[in-house]
Amino acid sequence: MKKVLIVSVKAGYGHHSTAKAVIECFEKKGIECCMLDMFEYINHRLNNSVNKGYLLSTKYTPDAFGKVYSKLDKKDEKYEKYSMVSILSNMVSHKLREYTDEYNPDVIITTHSFASMVMSYMRENDKISCKHIIGIVTDFTIHPFWESTSLDYYVTADELLTHQAVKKGIPPHKILPFGIPVRANFSKKIPRDTARRQLGLSDKQTILFIMGSMGFGNIEKSVQSIDKAYGDFQILCVCGNNKKMKKELEKMCGENAFTKEIRIYGFVSNVDVMMDASNVVITKPGGLTTSEVLAKGLPLILMNPIPGQEDRNMEFLVNNGAAMMVTETFPVDEALYSLTESNRRRDILIKCAEYLGKPNAAENLCNFIINEF
């Protein structure tokens, strides 16, 4: 095998990060691998529109987004030949064919359900010569669009999702429960005190609060609630690309609005070190972030899910004992108290996280592809 092409869609950060994890692994093995952002290649403006549309719909109309997801999830039949999705697949396939013909990969890997649908359409209509196509499902659920794909293999987050995948029409022999690939720096750990020294932190109990690359949810209210929680600990708050919220929290720190030591960050590239420095991670249930936390074997508190697949992610992780869930009647300070004051509760979550965590997912996938093809 000489070349691997990863086809992704920039709707959220997780799909691209998963792709980078796989690329990183292949390159270490001396295999050429590149990523194609499908919409970016076709048209830069189209890519921006898709990405902004996703972000706006999930941030400002999450309930509507969730209702659409639920409706699609309950749909029994596959998408019809002349559905809007099929028509769009036909439109984008013409230009994608030029790229795939020129690059001529031995294997194509997709990290987004729509990219998988397009690749399936292209192969079914003889618009692609690559014989091997693998899809990576980047959530702890099987998105409804996946049932409308026809790939050689499907990488899932855990073997406990196999029953759901089969119900959606994916043959069992095509399911690879390797886990969602995470980058190598999440597959290893450094001592907690060492991580804290690297970050310039006090060597004390540490809570990492991170709400995705875009900083979703009412971060200010959540931080205030965490700050009032019982116990002596420090808080690392990562706002991602939410510059407005970062500025507001920094202002509050300057006004001594918090009782605990708190560090405010924007978008960072060393989340892995922050996790190593932390005792508990509080986050939204995105597929990639939670996979990174599980790979580190840390207890999770989940809150502010985007309706749709993140609801399903949270259900899976809570039902399998690896996370606690914040609700209106069980606020974040109470969840935090349970984990910081009860060794039994914390140990249960850590044990389940270690069981569900797949730190070697990228390595296992790459080895499988090399040996199989």
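These notes cover the structure that comes with them. Being a predicted model, the structure only gives us computed values, none of them experimental. (Residues numbered from 1 in each chain as written. Predicted model: local features only at pLDDT ≥ 70, side-chain atom pairs only at ≥ 80, totals over all residues. Heavy atoms only, no water.)

1. Considerations on the overall build of the chain
- For the chain, the count of helices and strands is 16 helices and 12 strands.
- Taking contacts inside the chain between residues at least 6 apart in sequence as the whole, the part at least 24 apart equals 72%.
- Summed over its atoms, the accessible surface of the chain is roughly 17,000 Å², and 50% of this surface lies on carbon and sulfur atoms. (Helix = DSSP H or I, 4+ residues; strand = E, 2+ residues; numbered from the N terminus. Contact = heavy atoms within 4.5 Å. Areas by Shrake-Rupley, 256 points an atom, 1.4 Å probe, with all protein chains shown as cover.)

2. Examining the pattern of salt bridges
- Per the counting criterion, the structure on display carries 13 salt bridges.
- Residues Asp193 and Arg197 are paired through a salt bridge, measuring 3.8 Å at the closest nitrogen-oxygen approach. Here Asp193 and its partner Arg197 are both found in helix α8 (residues 192–199), 4 residues apart, which amounts to about one turn of the helix.
- Relative accessible area serves as the criterion here: at 34%, Asp193 is assigned to the partly exposed category.
- For Arg197, a relative accessible area of 58% puts it in the exposed group. (Salt bridge = Lys/Arg side-chain N within 4 Å of Asp/Glu carboxyl O. Buried < 20%, exposed > 50% of the residue type's maximum accessible area, 1.4 Å probe, protein only.)

3. Notes on the pairing of strand β7 (residues 206–210)
- For β7, the buried fraction is high: 5 of the 5 residues fall into the buried class.
- The side-chain alternation of β7 yields two buried faces, one formed by Thr206, Leu208 and Ile210 and the other by Ile207 and Phe209.
- With 5 bridges joining them, β7 and strand β8 (residues 234–238) adopt parallel strand pairing. For Thr206, the partnering residue across the bridge sits in β8 and is Gln234.
- As defined by bridge partners, β7 adjoins strand β10 (residues 280–283) across 4 bridges and the pair is classed as parallel. In the strand pairing of β10, Leu208 is matched with Val281. (Pairing = 2+ DSSP bridges.)

4. What about the sheet that holds strand β9 (residues 262–265)?
- Within the open sheet, the 6 strands sit side by side as β9-β8-β7-β10-β11-β12. Their pairing is parallel. On the outer flanks of this sheet lie β9 and β12 (323–325), each paired with one strand and no other. Pairs of neighbouring strands in the sheet enclose a mean axial angle of 20°, with direction left out of account.
- Here helix α12 (residues 287–296) sits on the sheet and contacts β10 and β11 (300–302); the angle it forms with β11, its principal contact strand, is near 160°. (Axes fitted to C-alpha atoms, helices over the stretch in contact; angles between N-to-C directions.)

5. As for the packing of aromatic side chains
- Taken as a whole, this structure holds 8 aromatic pairs when the rule is applied.
- Measuring from centroid to centroid gives 5.1 Å for Tyr41 and Tyr99, while their planes differ by 70°, and the two rings are edge-to-face. With Tyr41 in helix α2 (residues 38–42) and Tyr99 in helix α5 (residues 84–103), this pair connects stretches of sequence that are 58 residues apart.
- With a relative accessible area of 28%, Tyr41 lands in the partly exposed category.
- Seen from their ring centres, Tyr153 and Phe373 are 6.4 Å apart, and the 45° between their planes marks the pair as tilted. Separated by 220 residues along the polypeptide, Tyr153 in strand β5 (residues 153–155) and Phe373 in the segment after α16 (361–372) bring together distant segments of the chain.
- Residue Tyr153 is classed as buried on the basis of its relative accessible area, which comes to 15%.
- One aromatic cluster in this structure is built from Tyr153, Phe178, Phe368 and Phe373.
- Lying across the ring of Tyr103, Lys3 places its NZ or CZ 4.8 Å from the centre.
- The ring of Phe233 carries Lys260 above its face, with NZ or CZ at 4.8 Å from the centroid. (Phe/Tyr/Trp six-rings, centres within 6.5 Å; stacked < 30°, edge-to-face > 60°. Lys NZ or Arg CZ within 6 Å of the ring centre and 35° of its normal.)

6. What about the side chain of Glu292?
- Within the secondary structure, Glu292 sits in helix α12.
- Nearest to the buried, unbridged Glu292 among oppositely charged side chains is Arg183, at 7.6 Å.
- Setting aside chain neighbours within four positions, we find Glu292 in contact with Ser17, Val182, Phe186 and Met275. (Lys, Arg positive; Asp, Glu negative; His and termini not counted.)

7. Description of the nonpolar core
- If you look at the biggest cluster of nonpolar residues, it comprises 35 residues, and the most contacted ones within it are Leu208, Met274, Leu294 and Leu317.
- If you list the elements that add at least two residues to this core, you get α8, β7, β8, α11 (271–277), α12, β11, α13 (309–319) and α15 (343–356).
- Ranked by the residues each element gives to this core, the list is headed by α11, at 5 residues.
- One finds Val7, Ile128, Ile133 and Trp146 within the second-largest nonpolar core, a separate group that totals 29 residues. (Core = buried A, V, L, I, M, F, W, Y, C linked by side-chain atoms within 4.5 Å.)

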